[in-house]
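Architecture and fold: a report
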Amino acid sequence: MQLTAIGHAHITSILFFLFFVLGTLGITYWAAKRARTTEEFYAAGRSVTGFRNGLALAGDYISAASFLGIAGLVSTKGYDGLIYSVGWLVGWPIIMFLISEPLRNLGKYTFADVVAYRLKQRPIRAAAASSSLVTILFYLIAQMVGAGTLVRFIFGVPYDAAIVVVGLLMIFYVLFGGMLATTWVQIIKAVLLLGGATILVLLTLAQFGFSYGELFGQVSKMYGDQFLEPGGLITSPLEAFSLGLALMFGTAGLPHILMRFYTVPDIKEARKSVFYATGFIGYFYILTVTIGFGSAVLVTRKVIMGIDIGGNMAGPLLAEFLGGTPFLGFLAAVGFATILAVVAGLTLAGASALSQDLYVGVVRRGAANEKEEVKVAKIATLVLGITAIFLGILFKGQNVAIMVGFAFAVAASANFPALLLSVTWRKFTTRGAVTSLYTGVVLSTGLIILGPAVWVDVIHKDEKAAVEKQIQEFETDSKYKIEALEKQKAERGTLMKIDAAIAGERTLADAKKKELSAAMPKAIFPMNNPALISMGLSFLAGIIVSLLSPEKEAQTKFDDEKVRVYVGIGMK
Amino acid sequence: MSRKTKILNDADFKSLSEQKNTISLVLVVLELVLYFGFVALVAFNKPFLSAKLSGAITVGIPVAVGTILLSWVLTGVYILWANNKYDALVKKVKDKARGQ
């Protein structure tokens, strides 16, 4: 018996998918006429309203990992899944309070504009572009791998083909439509996602007479009270603190998010867009609570985990349960739109780091003309898009969460400290900024590679599996021996000799197990998320090097920068 | 004296930048307390979050949803202040500098 239409291309999902693709391609055609200057290509001519930019920010930020992953986590792990929902939101207020004014008032296209404002252009732009590109590439790999897996899950299309389709569409949007087309793809995605999730929640609640008491009552009846209580997800408070830092300050260092500050006409609209975005994103995460617990009750955990052990299909399965194949088809298309909107934003941000910071700022020393800039931007888009397709295929089967973790750790450790210090601390210098940026990139990626998630689970995967196998074999072996002795004991009654043999066998088993476990590959760095160390040291390096290498010009220009940060553009 | 130096020495500019710094700092600290307070509860005070509120609903559920809502409210507080009071002060300082 076929329980679900998931994994098979269904006419409704294909129709919704085609409808979305045709619609967005139409928008790209319309936007292509409005993407001819650099300002139009990267910042949509600074014409997006606060409300629309808020939706686009939500579309840029809510990735497939949030859409499928968090509802899945709640449905399989219960309350512990909620801890993630909260963590993904708290970076937004930080963006609003700390960096919205300086970012908007000092910059033009990238956050490197802000860091380089009173420091030496070339070294800063080279360093900031490197850290931006590292952040973007990790994020992009995660999204591409997620896209391949998701599209295969939903439509039954092969992984590689799915990656190529996603890659080509994203190149098309960005190359021809620039920021304007990307913005509209993100707005449409956000509206579809928020609308679809709202309908899903309403249909779910209708099953429980619109009573949360009833819903949670069923949850505790089926899975026990502990499903609604915090469990074992946070084992080490230090690890939790470090992850919290990465999520909180990483959001404020994501190049594709920061870039959206330049698409609105003024700072008032920029603030409004952060307010709307925080509202939309928060609303979405609150909906995932109902979707997660609802699917645990209605679809049941067993079925969800039978389809995908990580629970990623909880939302689509719930949609199918409540609205049949048409609703599943709709949500599948929304999932696809979700990935496209995020990868398009990432590609655009990567292209701006490559062309604005590296080419115009470093190679041409700021002397490129308009036509040349747009041309380079388009070449950069093409290069990044093709790179993303190859990386997506190369990293097939990698853990998406690890890659996103990389991206947030690098953003929090490299981009954020330099950004904050450059606008708040008069004595910050070029050398300090460059040191801080590189320290952040190298330490965060290095420590993640040396940490348990990569060093043990990826690099020493085979050794780990071998040791686990040895232990398991030995355990089965000694279990049989003990069982045989127990049987003898039952037949011949309690004999000192047999009891001693059992005890001896047990001690031997424990010792041997310990000995075998010692061969288990160990992580060189003990934490999964290094932000606590790498972000701290990046700040420290920036401060110490700045104090050791005073830069007079940077200090003099600080007053000029200060007026601009607080009062805004147009005060020459 | 350049226009920028005039602004820098303007009493209104000084008060404006000080107000902005204070408000930003207070709100950032509130957000940090809010979120890391939640993480600390999860790590150190599970019984509190596991207490029953009504029926099967535990205290932890409204606390998690409340953390999200309060974060949003804080951004609302900032935008209310910035788009009204702060921007008015900025305009005043700008007009003064232009007029001289």
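Refer to the preceding data block for the structure.
This report concerns the structure included in the present document. Numbering of residues begins from 1 in every chain and follows the order in which that chain's sequence is written. Here every chain gets a letter starting at A, and every ligand a number starting at 1, in the order they are written. Thresholds applied to this predicted model are a pLDDT of at least 70 for local features of residues and 80 or more for the giving and counting of side-chain atom pairs; totals over whole chains, interfaces and linings are not thresholded and use all residues. Water and hydrogen atoms play no part in the side-chain values, which are based on all heavy atoms of the structure.

1. Things to note about the overall build of chain A
- Each helix is a run of DSSP H or I of at least 4 residues and each strand a run of E of at least 2, with the numbering of both proceeding from the N terminus. Helix and strand content of chain A: 22 helices and 0 strands.
- A radius of gyration in this sense is built from C-alpha atoms; the matching globule rule multiplies 2.2 Å by the number of residues raised to 0.38. Taken against the 2.2 N^0.38 rule, which gives 25 Å for 572 residues, the C-alpha radius of gyration of chain A at 26 Å falls within 12% of a compact globule.
- Each principal axis of the C-alpha atoms in chain A carries an extent, and together these give about 100 × 60 × 45 Å.
- When the 572 residues of chain A are sorted by exposure, 59% land in the buried category. Each residue is placed in one exposure class: buried if its accessible area under a 1.4 Å probe, protein chains only, is under 20% of its type's maximum, exposed if it is over 50%, and partly exposed if it falls in between.

2. Observations regarding the side chain of Lys-189 of chain A
Residues and elements named next belong to chain A.
- For Lys-189, the position within the fold is in helix H9 (residues 159-207).
- Residues counted as positive are Lys and Arg, residues counted as negative are Asp and Glu, and His and the chain ends are not counted. Within this document, salt bridges are pairs made up of a side-chain nitrogen of Lys or Arg and a carboxyl oxygen of Asp or Glu, the two lying within 4 Å of each other. Despite its burial, Lys-189 pairs with no opposite charge; the closest candidate is Asp-60, at 7.2 Å N-O.
- N or O atoms closer than or at 3.5 Å make up a polar contact, with two conditions inside protein: a donor-capable atom paired with an acceptor-capable one, and, for residues adjacent in sequence, both atoms drawn from side chains. Among the polar contacts listed, one links the side chain of Lys-189 to the backbone oxygen of Ile-62, at a separation of 2.7 Å.
- Sequence-distant contacts of Lys-189, defined by excluding residues within four places in its chain, comprise Gly-59, Ile-62, Ala-337, Thr-338, Ala-341 and Val-342. For this analysis, residues touch if any pair of their heavy atoms sits within 4.5 Å.

3. A look at the packing of aromatic side chains
- Stacked, edge-to-face and tilted are the three classes for Phe, Tyr and Trp ring pairs, Trp counted by its six-membered ring, which pair at centre distances within 6.5 Å; planes under 30 degrees apart are stacked, over 60 edge-to-face, the rest tilted. Inspection of the entire model under this criterion finds 28 aromatic pairs over all chains.
- Note on Phe-227 of chain A and Phe-293 of chain A: the rings are 6.1 Å apart at their centroids and 75° apart in plane angle, and the pair reads as edge-to-face. A residue pair is termed long-range when its members are at least 10 positions apart, and Phe-227 of chain A in the loop between helix H10 (212-223) and helix H11 (237-251) and Phe-293 of chain A in helix H13 (residues 267-307) qualify at 66 residues. Of the two residues, Phe-227 of chain A and Phe-293 of chain A, neither departs from the other in class, the shared state being buried.
- Between Phe-241 of chain A and Phe-36 of chain B, the aromatic rings sit 4.8 Å apart at their centres with planes inclined by 55°, giving tilted as the arrangement. Pair noted here: Phe-241 of chain A is in helix H11 and Phe-36 of chain B is in helix H2 (residues 11-44), and the two residues belong to different chains.
- By relative accessible area, Phe-36 of chain B is classed as buried at 14%.
- Here the aromatic residues Phe-51, Phe-275, Tyr-276 and Phe-280 of chain A together with Trp-72 of chain B are joined through ring pairs into a cluster of three or more.

4. Brief notes about the nonpolar core
- Counting 209 residues, the largest nonpolar core has Tyr-61, Trp-92, Ile-281, Tyr-285, Phe-293 and Leu-340 of chain A together with Phe-13 of chain B as its most contacted members.
- Ranked by residue count, the leading element in this core is helix H14 (residues 314-363) of chain A, at 22 residues.
- Leave out the neighbours within four places in its chain, and Tyr-285 of chain A touches Tyr-61, Ser-66, Ile-70, Ser-85, Trp-88 and Leu-89 of chain A together with Ile-68 of chain B.
- Nine residue types can take part in a nonpolar core, namely buried Ala, Val, Leu, Ile, Met, Phe, Trp, Tyr and Cys, and a core is a set of them joined through side-chain atoms within 4.5 Å. One finds Ile-471, Phe-474, Ala-509 and Leu-516 of chain A within the second-largest nonpolar core, a separate group that totals 5 residues.

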